[in-house]
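Listed below are the residues making up each chain.
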Amino acid sequence: MSFSNYLMLTACGIAGFVPASLVADDKEKEKAALAFFETKIRPALVKHCYECHSEDSKKLGGKLRLDTKEMTLKGGESGPALVAGKPEESLLIHALKWEDNLEMPPDEPLSPAVIADFEKWIATGAAGPRTGPPVPVAPPVETKTTHWSFQPVENPPVPAVKNAAWPKSDVDRFLLAEIEKNGLKPTGDAPAETLVLRLSFDLTGLAPSYDRVQSFLADHRERGDDAVAALVDELLASPHFGERWGRHWLDVARYGESNGNDGLGRNPTYPHAWRYRDYVIAACNEDRPFDVFVREQIAGDLMAAADDVQRDRQLVATGFLALGAKPAKAMNENFEMDVVDDQIAVVGSGILGLSVACARCHDHKHDPIPTRDYYALAGIFKSTETMWGMAAYEGLTAPSTDLHVLKTAPKWSPPAGFVETVVPIQSDTGKPKPIPKSKWPEGTPLAMGARDRPAPEDARLNLKGESTKLGDRVPRGFLSACVMPGEKVVEKKSDSGRLELAEWITRSDHPLTARVYVNRLWQHLFGEGLVATPDDFGIYGAKPTHPELLDFLATRFVKVHGWSTKALIRELVLTRAYRLDSAADPELTEADPDNRLLTRHLRRRLDAEAIRDRLLTATGELDLTPPDGSVIRHRDIMVQLAGNLHEPSKHRSVYLCYLRNSPPAELAPFDLPDALAVMGKREASASPAQSLFFLNSPFVVEQSRLLARKLITPGRSDEAIATDAIRRIFARDALDGEIARTVSLVRDADAQLADRQPDAKLRREWAWATACQALLATNEFRYVD
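Reading guide: rules and limits
- Residues numbered from 1 in each chain as written.
- Predicted model: local features only at pLDDT ≥ 70, side-chain atom pairs only at ≥ 80, totals over all residues.
- Heavy atoms only, no water.
- Helix = DSSP H or I, 4+ residues; strand = E, 2+ residues; numbered from the N terminus.
- Rg over C-alpha atoms; globule rule 2.2 N^0.38 Å.
- Buried < 20%, exposed > 50% of the residue type's maximum accessible area, 1.4 Å probe, protein only.
- Areas by Shrake-Rupley, 256 points an atom, 1.4 Å probe, with all protein chains shown as cover.
- Lys, Arg positive; Asp, Glu negative; His and termini not counted.
- Charge placed at Lys NZ, Arg CZ, Asp CG, Glu CD.
- Phe/Tyr/Trp six-rings, centres within 6.5 Å; stacked < 30°, edge-to-face > 60°.
- Lys NZ or Arg CZ within 6 Å of the ring centre and 35° of its normal.
- Salt bridge = Lys/Arg side-chain N within 4 Å of Asp/Glu carboxyl O.
- Core = buried A, V, L, I, M, F, W, Y, C linked by side-chain atoms within 4.5 Å.
- Contact = heavy atoms within 4.5 Å.
- Axes fitted to C-alpha atoms, helices over the stretch in contact; angles between N-to-C directions.
- Parallel < 35°, antiparallel > 145°, perpendicular 65-115°, else oblique.
- Left-handed = near helix turned anticlockwise from the far one by under 90°.
- Nonpolar A, V, L, I, M, F, W, Y, C, P; charged D, E, K, R; others polar.

**Student:** Before we go on, may I ask you to explain the overall build of the protein chain in this structure?
**Tutor:** Summing up its helical and strand segments, the protein chain has 27 helices and 10 strands in all. By the compact-globule yardstick of 28 Å for 785 residues, the protein chain fits well, its C-alpha radius of gyration being 27 Å. In terms of overall dimensions, the protein chain has a C-alpha envelope of 85 × 75 × 65 Å along the principal axes. Classification of the 785 residues of the protein chain by burial places 56% in the buried group. When the accessible surface of the protein chain is totalled, it reaches about 32900 Å², and 53% of it is carbon and sulfur. Within the protein chain, one finds 97 positive and 112 negative side-chain charges whose respective centroids are separated by 1 Å.

**Student:** Got a minute to help me understand the packing of aromatic side chains in this structure?
**Tutor:** Two aromatic rings, taken as a pair, are described by how far apart their centres are and by the angle between their planes. Scanning the entire structure with this criterion turns up 24 aromatic pairs. Here the aromatic rings of Phe670 and Phe693 are separated by 5.3 Å at their centres, their planes lie at 90 degrees, and the arrangement is edge-to-face. Taken together, the residues span a long stretch of sequence, with Phe670 in the loop between helix 21 (608–618) and helix 22 (688–696) and Phe693 in helix 22 at a distance of 23 residues. Members of the aromatic cluster, each reached through a chain of ring pairs, are Trp249, Tyr276, Tyr279, Phe290, Phe293, Phe320, Tyr517, Phe557 and Trp563. In this structure, Arg198 is placed above the aromatic ring of Tyr578, and the distance from its NZ or CZ to the ring centre is 5.7 Å.

**Student:** I'm lost on the pattern of salt bridges in this one. Help?
**Tutor:** Close approach of charged atoms lets side chains of opposite charge pair. Counting across every chain of the model gives 57 salt bridges. Between Arg682 and Glu609 there is a salt bridge; the shortest N-O distance is 2.8 Å. One end of the pair, Arg682, is in the loop between helix 21 and helix 22; the other, Glu609, is in helix 21, and 73 residues separate them in sequence. Overall, the relative accessible area of 18% leaves Arg682 in the buried class. Taking relative accessible area as the criterion, Glu609 reaches 5% and is therefore assigned buried. Salt bridges sharing partners connect three or more residues here, namely Glu243, Arg612, Asp613, Arg652 and Glu666.

**Student:** Looking at this model, I keep getting lost on the nonpolar core. Mind explaining?
**Tutor:** The nonpolar side chains of a soluble globular protein tend to be buried with one another. Membership of the largest hydrophobic core comes to 173 residues, with the highest contact counts inside it found for Leu199, Leu203, Trp249, Tyr276, Trp522 and Leu553. Among the elements that take part in this core, helix 14 (residues 335–352) stands out by supplying nine residues, more than any other. Within the second largest apolar cluster, 23 residues are counted, among which are Tyr50, Leu92, Ile93 and Phe118.

**Student:** Would you mind going over the environment of Glu178 with me for this structure?
**Tutor:** Looking at where Glu178 falls in the secondary structure, it is placed in helix 6 (residues 170–181). Glu178 sits 19 residues away from Pro159 along the chain, and the two C-alpha atoms are 9.5 Å apart. In this structure Glu178 touches His546 and Leu597, once residues within four positions along its chain are discounted.

**Student:** Teacher, can you tell me more about unusual backbone geometry here?
**Tutor:** Phi is mostly negative for residues that are not glycine, and the peptide bonds are mostly trans. In this model, Met104 is joined to Pro105 through a cis peptide bond whose omega is -15 degrees. Along the chain, the position of Pro105 falls in the loop between helix 4 (91–96) and helix 5 (112–123). Of note in this structure, Ala126 is not a glycine but carries a positive phi near 55 degrees. With respect to the secondary-structure elements, Ala126 resides in the loop between helix 5 and helix 6.

**Student:** In this structure, what is going on with the packing of helix 25 (residues 738–753) against helix 26 (residues 760–776)? I would like to understand it.
**Tutor:** The description of two helices packed together rests on the angle between their axes and the distance between the axes. The contact between helix 25 and helix 26 brings their axes to 8 Å, and the two run at 135 degrees. The angle between helix 25 and helix 26 places the two elements in the oblique class. Pair helix 25 / helix 26 crosses with right-handed handedness. Contacts between helix 25 and helix 26 pair Thr742, Leu745, Val746, Ala749, Asp750 and Leu753 from the former with Arg763, Arg764, Trp766, Ala767, Trp768, Ala771 and Ala774 from the latter. For the contact of helix 25 with helix 26, the residue count by class is nine nonpolar, one polar and three charged.

The structure is reproduced here in structure tokens:
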């Protein structure tokens, strides 16, 4: 440990410095591990394993049960199923990978992403009691005729409440009615100082400056709720709103700028993926109605356009279908259907909140999705040409495809001093092949996307999911489970059916689309969705805590707000419930421990992007202008052969290069999605790696030094520097004793550095850099109330 790091560990005595920020609390680790099990492992066990390996199995496969921890450790005929902490020695992992003549599930292997989750779970101790199903779940006997999410959206009446003075909106009345029914009262309102930070991070992902906080506090003292509304309108109109909320959607869209490991160790870049990123950010800023936003991504190439600008935008939007990670084409007869499966999964889980892809090999094991429905959708996407580009000119990974050529986007020319990264392509003999010339003129603007094939056709059933074992043809169509009037088949047989699918999904009476999206918005603002499983509204997904409120919001979103994201967000953040304090009396937290009744606000750790952006904001280094494209926009290469493709950047984190299997180092410790599948809800762990990041990361060390240099000016006292540092980092004035303890730390550091650094000016800079790093490492910096 370096000297400055040692000093940082002594900094915990400063007011507001919490030792738990440096050493992960055991209870927090246990909670995070259990959350990982409930969100990642248990659903996979339920879907793929419990039919043959649980107490309720008609025939217990291999005498192995996986529904309790004790039985899993005991194992079956082949021995213990897992060795906690050692995934490489666990039979379960070998079986999931189809190794050593072990094959689970028997129909087809799980995706690499799911297997990676099991490896991580075992490596971290295989937490999870598995003494029963997660709460709350819908009973498996439900079907499309009884399960709540397949029923039409209702518009329930607003309930009456006893304390009529408390609500500020009808949303508050729905929540308060449940709170009162349970004999409780909500906690008090959050202080204005807390509210301004909460709103700024939730709506833009950025910390407000000290001066902006002070101006809001003055306005709030004078105008109260009107000041809050004015701040909300300011933040919604900010271009940084789209960067924040666009990043949320990119998680759903499994956005990545490379393919990821194809199973053969190859990871080709997606040089044009960034156009889809920019499309999403612009759509959020423009508040494009969500129904239009969805239609553009599924079938933008088939929609009418008023001009070339709109046409280009709609073509870029279809990148949603092309961005997925793909398994290697080599020796893979299912490659084409694997691409289709990814598209069904992103539309199913991402937009409809259903794991439709689970019906590829057989009827869905618990949701009312027959295999024929899967292949009705598969016919639509099989009749679609997916355009991902050259795949780094490596045919073993994926065949090269065409790309959309845009008419209105500017051409790209290398900047002055640009040096191309040249990565040799290896031939079968091990000798480099020549870097092939592009089929497009140099600098023609290109975009990933989709378009109809010349001759669309219905798909045939793939028996057990195998493309070589074909059954009957299935007419192209939609999900039969959704209770809606009208036929669920593609009528225009000369087209793929994507436009009809997009129009069906965005019907105002669709039972899933608005519910799923409204729930996503609620989750990002309140920390937990009304449905705790945002990507799974199926029978084994969580039941809504407030079903009437969910339908009330879905109805208003469509019929009152016209599918406007900003309008609904504005309505939600102006509620009394959103403005509650995160602090509450022990009696209240004991009565509502999981905050299912929303009796208080949840304290939340900032996500990876917001942490990095806050660091750069505090040091004054953040560049708020969007960059031009991506650092790999000109590099159609293999990531694994190119070394570190990430370049230093001061831009917002959403604009960093999101390479699969090679994430930005500044973001990786903070539960960044792997972009292999829909991720509607990120983990929010508290791990030692996060604390070590603030101790040892070159990025944090450098930002601390830069801040120290800016704070130290000739003739400025230590007390003035400490005051400024706390204002820059926390956007508030120092609390009692913080100035004195910060200055004491700096002077102790200066004294201990005297023998190593005789230059007093440089020594003072080092000492203040240590203090700045200690302040940045606190819980207060990483969490928002």
